[in-house]
Amino acid sequence: MPRTKTITLKNKKPKRRITSKDRSISRASRRGKSDSHSTKSSKKPFFVRINSWLNHLSTAQFITVLLSIVIVSLVLYKPVTAFVGSNDILGTVITEIGDTGPDCDALINKLNTECWDVIPELKQTGNYTNALLLGIDTREGDSGLMNTDTIIVASFDHTTGDTLLISFPRDLYVPTVVNGKSGGNVKINSLYAIGEQRSDTDGLSLISENIEHWLNLDIHYTAMVNFRAVTTIVDELGGVDITLDDTYVDIYPYKELSTERQQECIRAKDYGLYCVFTFQEGTHTLDGEEALIYARMRQYTSDFDRARRQQEIIDSIKEKLLGDEQNLFEKATDGWNIYQSMVEDGYLKADLEYSDMIAGLFLVAGGDINLDPVSIVLDPSFGNGKYMFPGMVGVDEETGEGGIYVLNIRGNSFTQVAEEIDRIRDYAPLYQDKASVVLSNRTGEKFPMDSLARQMYDEKPYFESFFSITGTTEPESTGINILVFNHDKTITAEYIKDYFSELDPQVLYVVESDGFEQSSSYLEDIRIEIHDQINPGTTPEPTESASELDT
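Residues numbered from 1 in each chain as written. Predicted model: local features only at pLDDT ≥ 70, side-chain atom pairs only at ≥ 80, totals over all residues. Heavy atoms only, no water.

(A) Up close: the overall build of the chain. Scanning the chain from terminus to terminus reveals 16 helices and 21 strands. Across the 551 residues of the chain, 52% fall into the buried class. Split by element, the accessible area of the chain, about 25600 Å² in all, is 47% carbon and sulfur. (Helix = DSSP H or I, 4+ residues; strand = E, 2+ residues; numbered from the N terminus. Buried < 20%, exposed > 50% of the residue type's maximum accessible area, 1.4 Å probe, protein only. Areas by Shrake-Rupley, 256 points an atom, 1.4 Å probe, with all protein chains shown as cover.)

Structure representation (structure tokens):
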């Protein structure tokens, strides 16, 4: 019998088996339209732990908490009376500070929850808080450009602590709605400009309305920055660090560079109006302009690769701002300086209120937040290529010339895309693990309708791939063996072990000396071998749509 290895999970733990009833209830509550923006009392110690929790903040919460730090810095450094009356929640809190203890009137204790009688919460629907983050294509001296070439929805699950970052490519060709009425198809990056040109809506509202319609969720917060915001943030922080596994070479428009970098320009051979930039393998500290160049280049790669690099820069900014090098007061000061610079210079638009900003800090104080966001890019590979495909629109019918490149959605509907995102959300840790799994039936018979193996196959948790095969019968073996060939896939291995826990599965992290080999056709990361004489124990009711395995 293979030996068992005990697995200790870090940060993540597998979710219990999810039934169709659970999922329908979860999605119904998620998609409800009744927002909660309540307040509650709390006596949880806060001040001494906030610095550590800030360091573990996930990327998607960065903008909310960045602005939260701004407000905290005001509480710390500005006269308290300046806030009274400016916001109902903060006004109540500040006027009542001092009632719960003699030390609560000291300015340094304003962050201690024992001194707060009212604590705000982030807006949410069905335990989800969703924020729309936009990067607009505007440049110095050209205010007419209003393309939103960065569109990210950050969705935080208050129940699990998981955060989804959903990036929309700028070339996505989408069906639109305006004030609830169907419109035509446009490239998604033009929606903001269309909204700004209409009298019955505006840019942010139009994008929010459409994303809510496509993904069937509520957008609670919006923030929009232009390119200059990136350079401002990074330069205020003294640069950000990135680490490259390989050397990256691409080109950037000459006219959009600073005078200093224009003088250093190495012209691209085939693109005379562009300069070549090389980012060598290894770790580098980038200044503001370098970070912007790295985040925007795409001539030799793709929009999809650019989306990933943009998320990398956002994560680097978060790490620099909230790292261990500064205490809370220094972080608050930096946050305020950055925020003030961006707003005053017109680099940032956001719809957060004081109460929302404070709520961001208290969310971090809870500590139950998974450290790594789940990054989803809606590119042609999303959902194994089932939902989107490239094409052209506007091609002259007679000459076959002209037209623009677009990314089409199959059936011109986001329904399947939204369902796929729901499934990723249901199995977020498994989606991040991206394991290939083989279910090997070695019993010599079909799985019973009520077996756990059949339920797993019908449910199809979010593995990178999942196949069922019939293996050779081995009478001397009994029970379930979980063979882990890729030792990095501990999250998936633990999930599978938990799934079959009532059957006492044996887990083996395979090494060459064990004599086990991956299936030549599947090269699986994990193989679940089910042998004879399994004690079925208490099995769940069969699913409604049971698949025929091993026919």
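(B) A look at the pattern of salt bridges. As enumerated under the stated definition, the model contains 11 salt bridges in all. Note that Arg308 and Asp379 form a salt bridge whose closest N and O atoms lie 3.0 Å from each other. Here Asp379 lies in the loop between β14 (374-377) and β15 (388-393) and Arg308 lies in helix α10 (residues 303-322), a separation of 71 residues in the sequence. Through salt bridges with shared partners, one network takes in Arg261, Asp287, Glu289 and Glu290. (Salt bridge = Lys/Arg side-chain N within 4 Å of Asp/Glu carboxyl O.)

(C) Examining the packing of helix α7 (residues 227-236) against helix α9 (residues 288-296) more closely. Between α7 and α9, whose axes approach to 7 Å, the crossing angle comes to 135°. One way to sum up the angle between α7 and α9 is to call them oblique. The two elements α7 and α9 cross, and the hand of that crossing is right-handed. Counted together, Phe227, Val230, Thr231, Val234 and Asp235 of α7 and Gly288, Glu289, Ala291, Leu292 and Arg296 of α9 form the full contact between these two elements. (Axes fitted to C-alpha atoms, helices over the stretch in contact; angles between N-to-C directions. Parallel < 35°, antiparallel > 145°, perpendicular 65-115°, else oblique. Left-handed = near helix turned anticlockwise from the far one by under 90°. Contact = heavy atoms within 4.5 Å.)

(D) Spotlight on the packing of helix α15 (residues 452-459) against helix α16 (residues 490-499). In the contact formed by α15 and α16, the axes pass within 11 Å of each other and the chain directions differ by 135°. Between α15 and α16, the crossing angle belongs to the class labelled oblique. In this structure, α15 contributes Leu452, Gln455, Met456 and Glu459 to the contact, and α16 contributes Tyr495, Ile496 and Tyr499.

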